[in-house]
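The chain contents come next:
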Amino acid sequence: MLDFNHVLATPGIDVQYFTGQSTATLTQWQTWRKPRGVKNIYILGVGGGGGGAVGANTAATNAGGSGGGSGAQTCVWIPAMFVPDVLYVQTGAGGQQPAVLVSAAAQVAGVPTYVALEPSTTLTPNMTLLLANGGTNVISGGTLATIAGMPLAARGSYTFFVGQSGTGGGTAGSGAGTTLSVPISGIMVQGGAGGGGGGSATGGTGGAPAAPSGSPINDFFLPTRTGGTSASGATPATAGGSGIITRNFIMNYGGLGGGGASDTSGGVAGAGGNGAPGSGGGGSGGSTTTAGANTLARPGNGGDGFVIILSW
């Protein structure tokens, strides 16, 4: 559990935060217990973010890997009388590439997040209070849940938000990774940015974040992050910045794209940045045949899903 005492210590409200206990192959359940005397319960859940794609290295110049999509978001408000004394939470793992990378491998899907009445590995809709899907194994964000998959939420109010897609990798020959925007759909997580393309003398820069609309006069959307710088000659590219959680959960940022390789020995591609919880990982930079198969850069991992439960 992360330390968010400045947010979680809210007078008069019990706030519990869950994340990071499952992997793609191991399911771990965490337990929530209803505080005595509460009348209202609000649950926000986000699925695991998708891992970024691998930049290619099979030609003289190659495209960068695309960013992973964020998990989808589901919110449920429900009177406490309809909620049992104990709920079980499974936060979906973020997607990540295997130990041995493959040229141009696609994104790796995140795992769905559940809040359920029983800690069952065979989840059925009739025991599910909240479902939030993970980022997909393509560039798209997590798909919307439906009330048919979590009918217990119909005792209260619920909203569904589709995950934000990652952005494309830079084209072969020094193309820059596509800029990553801040979503305005209401979702609080972000996809990952694509890596720069592998070029000749220089590669492309990794995808960077766009500033939020308007000119913020506070630090809610800071600090500024950058995509990876491109390789130049024998100077290697740098990694894209990893995602962060901004103040008061305004936004969980996605990982940024790694810089693209050059065609000079030593000018290898940059890794993608890891996504913050629920957000997509950045794509790695495109490599070159000069750099070789052993110099594929690692994309960023998708951030693990999370659940916030408020009761008062």
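Structural data are supplied above this passage.
Residues numbered from 1 in each chain as written. Predicted model: local features only at pLDDT ≥ 70, side-chain atom pairs only at ≥ 80, totals over all residues. Heavy atoms only, no water.

**Quick look at the overall build of the protein chain**
Alright, step 1. When you go through the protein chain residue by residue, the secondary structure sums to 1 helix and 9 strands.
Alright, step 2. Reading the secondary structure of the protein chain in the N-to-C direction produces α-β-β-β-β-β-β-β-β-β.
Alright, step 3. Against the globule reference of 20 Å for 312 residues, the protein chain gives a C-alpha radius of gyration of 20 Å, in line with a compact fold.
Alright, step 4. Counting only C-alpha atoms, the protein chain reaches 65 × 45 × 25 Å along its principal axes.
Alright, step 5. Across the 312 residues that make up the protein chain, the buried fraction comes to 53%. (Helix = DSSP H or I, 4+ residues; strand = E, 2+ residues; numbered from the N terminus. Rg over C-alpha atoms; globule rule 2.2 N^0.38 Å. Buried < 20%, exposed > 50% of the residue type's maximum accessible area, 1.4 Å probe, protein only.)

**Comments concerning the environment of N62**
Alright, step 1. One can find N62 in the loop between β3 (40-46) and β4 (73-79).
Alright, step 2. Remark: the alpha-carbon pair of N62 and V138, spanning 76 residues in sequence, is separated by 19 Å.
Alright, step 3. In this view, N62 contacts A56, N57, T171, A172, G197, G198, G286, S287 and T288; residues no more than four positions away in its chain are not counted.
Alright, step 4. At a separation of 2.8 Å, a polar atom in the side chain of N62 contacts the main-chain carbonyl oxygen of A59.
Alright, step 5. Here the side chain of N62 touches S287 through a polar contact of 3.0 Å, landing on its backbone oxygen. (Contact = heavy atoms within 4.5 Å. Polar contact = N/O pair within 3.5 Å; in protein donor to acceptor, adjacent residues only side chain to side chain.)

**Side note on the sheet that holds strand β9 (residues 306-311)**
Alright, step 1. Strand order in the open sheet formed by 5 strands is β1-β9-β3-β4-β8, with antiparallel pairing between adjacent strands. Both outer strands of the open sheet, β1 (14-19) and β8 (157-161), are each paired with one neighbouring strand and no more. Strand-to-strand twist in this sheet, taken as the mean axis angle between neighbours without regard to direction, amounts to 10°.
Alright, step 2. Looking at chain direction, β3 and β4 are connected through 7 bridges and run antiparallel. Bridge pairing links I43 to V76 in β4. (Pairing = 2+ DSSP bridges. Axes fitted to C-alpha atoms, helices over the stretch in contact; angles between N-to-C directions.)

**Concerning the sheet that holds strand β6 (residues 113-116)**
Alright, step 1. The 4 strands are arranged β2-β5-β6-β7 in an open sheet whose pairing can be described as antiparallel. Only two strands of the sheet have a single partner each, and these edge strands are β2 (30-33) and β7 (128-132). Neighbouring strand axes in the sheet, compared pairwise and without regard to direction, differ in orientation by 15° on average.
Alright, step 2. One ladder, built from 3 bridges, connects strand β5 (residues 86-90) with β6; its direction is antiparallel. The partner of Y88 across the bridge, within β6, is A116.

**Here's the deal with the nonpolar core**
Alright, step 1. If you look at the biggest cluster of nonpolar residues, it comprises 24 residues, and the most contacted ones within it are I41, I43 and I309.
Alright, step 2. Of all the elements in the fold, those that place two or more residues in this core are β3, β4, β5, β6, β7 and β9.
Alright, step 3. Judged by nonpolar contacts, the second largest core, of 12 residues, contains V15, Y17, M188 and I308. (Core = buried A, V, L, I, M, F, W, Y, C linked by side-chain atoms within 4.5 Å.)

**Remarks on the side chain of Q97**
Alright, step 1. Position of Q97 among the secondary structure elements: in the loop between β5 and β6.
Alright, step 2. A polar atom in the side chain of Q97 sits 3.0 Å from the backbone oxygen of G52.
Alright, step 3. Separated by 2.8 Å, the side chain of Q97 and the backbone oxygen of A106 make a polar contact.
Alright, step 4. Residues in contact with Q97, not counting those within four places in the same chain, are G52, A53, V54, A105, A106, Q107, V108, R298 and P299.

**Focus on unusual backbone geometry**
Alright, step 1. Positive phi values are uncommon outside glycine, yet A104 reaches one of about 65°.
Alright, step 2. Mapped onto the secondary structure, A104 falls in the loop between β5 and β6.
Alright, step 3. Even without being a glycine, F249 presents a positive backbone phi close to 60°.

**Considering the pattern of salt bridges**
Alright, step 1. Under the counting rule described, the total for this entry stands at 1 salt bridge.
Alright, step 2. In this structure, D85 and K34 form a salt bridge, with 3.8 Å as the shortest nitrogen-oxygen distance. Remark: K34 occurs in the loop between β2 and β3 and D85 occurs in the loop between β4 and β5; sequence separation between them is 51 residues.
Alright, step 3. Overall, D85 belongs to the exposed group, its relative accessible area being 53%.
Alright, step 4. Overall, the relative accessible area of 22% leaves K34 in the partly exposed class. (Salt bridge = Lys/Arg side-chain N within 4 Å of Asp/Glu carboxyl O.)

**Section: the environment of I250**
Alright, step 1. Checked against the element boundaries, I250 lands in the loop between β8 and β9.
Alright, step 2. Classification of I250 as partly exposed rests on a relative accessible area of 37%.
Alright, step 3. Along the backbone, I250 and I187 are 63 residues apart, and their C-alpha atoms lie at a distance of 9.7 Å.

**What to know about the packing of aromatic side chains**
Alright, step 1. In this structure the tally under the stated criterion is 3 aromatic pairs.
Alright, step 2. Centroid distance Y158 to F160: 5.5 Å. Interplanar angle 40°. Geometry classified as tilted.
Alright, step 3. By relative accessible area, Y158 is classed as partly exposed at 34%.
Alright, step 4. By relative accessible area, which is 24% here, F160 ends up partly exposed.
Alright, step 5. Three or more aromatic residues link up through ring pairs in this structure, and these residues are Y17, F249 and F306. (Phe/Tyr/Trp six-rings, centres within 6.5 Å; stacked < 30°, edge-to-face > 60°.)

By themselves, these figures tell us nothing about what the structure is for.
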